[in-house]
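Residue-level structural notes
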Amino acid sequence: MSKNKSSESVKVVVRCRPLSRKEESNGPAGGIVQMDLRLGQVILKNPRAPPSEPQKTFTFDAVYDSSSKQRDLYDESVRPLIDSVLAGFNGTIFAYGQTGTGKTYTMQGLWLDPEKQGVIPNAFDHIFTHISRSQSDKQYLVRASYLEIYLEEIRDLLDPNHGNTRGLELRESPETGVYVQDLTSCVCKSIKEIEEVMNVGNQARAVGATDMNEHSSRSHALFLITVECSQPGPDGRKHIRVGRLNLVDLAGSERQAKTGVQGDRLKEAAKINLSLSALGNVISALADGRSSHVPYRDSKLTRLLQDSLGGNAKTVMVATLGPAPQHYDETLTTLRYANRAKNIQNQPRVNEDPKDALLREFQKEIARLRAQLNHRRFRSKQKKEQVDGEAWERDGDEEEEVEEEEVEKEAEEFVKLEEQRLEKENEAIREDQFLLAEEKQKLLGENEKMMGDLRKRQEATEQLTARYKAMESKLLVGGKNIIDHTNEQQKMLEMKRQEIAEQTRREREMQQQMLIQDEEAVELRETFTSLQQEVEAKTKKLKKLYAKLQCTKAEIKDVNDEHVRSRQELEQTQNELTRELKFKYLIIENFIPPEEKNKIMNRLMFDPEEDEWKFKPLVPDESKSSQMKKRPVSAVGYKRPISQYARVALSMGTHSRYRAENVMLLELDMTPPNTSALTDGEQNQSPTLNNFPTNDKGICKSRSWCQSQKSITSSSSNNSLTFN
């Protein structure tokens, strides 16, 4: 569409995959989906309905059957969107459909086969080919990020430790809209580099096997490309345009009865269906036009796609279908969602001179480094000519810019000449016999100092040159060989292919408009010569309207049945999750102490922005950040901070533990105990601690750490025994 239009609708295309071997062997021959490529229509047949029931027909911007090629879909439906991104618009492409219908194949395809490459690799080639063919006065900066939404948690796929770190948080700003905080962004200078970024992220993505798909995506993946372009405007100043491309590969909706998932896979499926349900609610609210509230905050997926659905972006939705009769309900649901999405209106606009553009910062840094290099080159050249005894006059207006290689050569030559001069002076000083030893050492020391300063300046210049080259290498200049340029015939071939795709799209739109206009103009052109002819025409029209009425009633019945099935599936999933939750409650009640459970419950807090429960930090932070404070500095002389218990133990001496717990410490004798009977004379005596037998008697000493000495009187024997 034209860029001058203030709004445009979401472009929806539908693609149907071929029957798999398993579906061909299990089900009846043939599929339930028929496509009219010329009119862009999808005809769906209900395998359980009687033959007299009319078939359901849906019309979209473009349709692609099972024999369609990846390149055809890209050239006709995706290429105009990528051109808009390169012009400074925001663009989004996302695949939507049931699990196992070919969403990942459509978005990524087979990387090693050029004919089967999907939307993402073709977009990479399109972007960098456009940059290489642009004018030399344009500069580009391309950045890439990769994330996934797994169990409603945003994970950075380019972070090596993304599995062990906390999920990233969503933020919103008036300039950039919704964005992910602390998301890794990689600067890419070629197709190979951005493909490497994609491969690193794909290796970390969550993938699992189900009964319907061996390599089922268990998360929603978003690959974000930012293209910044700088070019001089009519006023002579450089203006920056920033285009953002979101390539979204959604996880497929699935039913537990068909996928057979359990445990963790069941949790993943519940979260996937929940986020897709939120996406469907957003599409319905936007397509309705009467809703005052759009539930973007119901899911992190819808928050990220907020600009793509009803905001500042151009959006292409690729709905993927399965032709097997057993998947009729899922195919019908996908077609209804896609049909609603056609009515969503976006307001795309060019992002010109945004505040968060990195290209301008890079240009300023490069200009600063270039000025420092020129200044160092000027000083080096001036010193060189002073050494040679030559006069040098600088004319800044007429002097041409020296290439980086010449700067390095001049610096190296200057350093060599200085080293040779200092070596000659050192030799002359050593051979001069009229100088004293102290003077020689002083002169040699000064020369060594000059040599050291010279080498330091050379190292600083080399580091500055390396930084300058590194910064400049991040910018892509139009007209330079980023990749191998195609020859003129290949360029013409691509232009012809693009023209053919545009012509096909226009023909399809004209056919659809003519079909609508013909239906409206038939009544105006009809003339009747007799009443019988008018009755026949009216009867034919009545039958046609009656058929439409029956289709509408069938549609209402299907919607009600679908609602009942969805509710039953949600109830089944809820029962499974409730049973698992009760099992965990049982573990908590029987194996976790109540005080520990209370500690955890007291730390819980609800975050309304993220719409989830979180833990409060153990140590409150004044800056209100989620990070805990560091451990306090240890006391002097100790490895760890001294606690109150440790201070008490140090003050009370050894065995402080037994003092507090009132435990007796019994010392064992090395010799076996002896027993003897008490005589009458001994009974009249009161043995004390000093004359208590220790080795030859049968009574051993015992000490209590908590009691003082006291006497215990026996009424029967009048003997008092003192225990320590």
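Coordinates for the structure precede this section.
An account of the accompanying structure is given in this report. (Residues numbered from 1 in each chain as written. Predicted model: local features only at pLDDT ≥ 70, side-chain atom pairs only at ≥ 80, totals over all residues. Heavy atoms only, no water.)

The next thing to look at is the environment of isoleucine 131. As for its position among the elements, isoleucine 131 is in helix α4 (residues 119–133). Residues isoleucine 131 and leucine 141, spaced 10 residues apart in sequence, show a C-alpha to C-alpha distance of 10.0 Å. (Helix = DSSP H or I, 4+ residues; strand = E, 2+ residues; numbered from the N terminus.)

For a regular strand, the rule is simple: side chains alternate between the two faces of the sheet. Here strand β10 (residues 170–173) pairs with strand β11 (residues 177–180) via 4 bridges, running antiparallel. Within β11, the residue paired with serine 173 across the bridge is glycine 177. (Pairing = 2+ DSSP bridges.)

As a further point, take the sheet that holds strand β4 (residues 41–44). Strands sit in the order β3-β4-β5 across an open sheet of 3 strands; the sheet is antiparallel. Both edges of this open sheet fall to β3 (33–36) and β5 (56–59), since each of them pairs with a single strand only. Within this sheet the neighbouring strands show an average axis-to-axis angle of 20°, counted without direction. Inspection of the sheet shows β4 paired to β5 by 4 bridges, in the antiparallel sense. From the neighbouring strand, valine 42 faces β5, where its bridge partner is phenylalanine 58. (Axes fitted to C-alpha atoms, helices over the stretch in contact; angles between N-to-C directions.)

Along the chain, serine 134 turns up in the loop between α4 and β8 (139–150). Among the residues examined, serine 134 registers a relative accessible area of 11% and is labelled buried. In this structure the side chain of serine 134 is engaged in a polar contact, spanning 2.7 Å, whose partner is the backbone oxygen of isoleucine 131. (Buried < 20%, exposed > 50% of the residue type's maximum accessible area, 1.4 Å probe, protein only. Polar contact = N/O pair within 3.5 Å; in protein donor to acceptor, adjacent residues only side chain to side chain.)

For serine 84, the position within the fold is in helix α2 (residues 70–86). Residue classification places serine 84 among the buried residues on the basis of a relative accessible area of 8%. A polar contact is formed between the side chain of serine 84 and the backbone oxygen of proline 80, at a distance of 3.1 Å. Engagement of the side chain of serine 84 in a polar contact is seen with the side chain of lysine 314, the distance being 3.4 Å. Other than its neighbours up to four places away in sequence, serine 84 contacts Phe89 and Lys314. (Contact = heavy atoms within 4.5 Å.)

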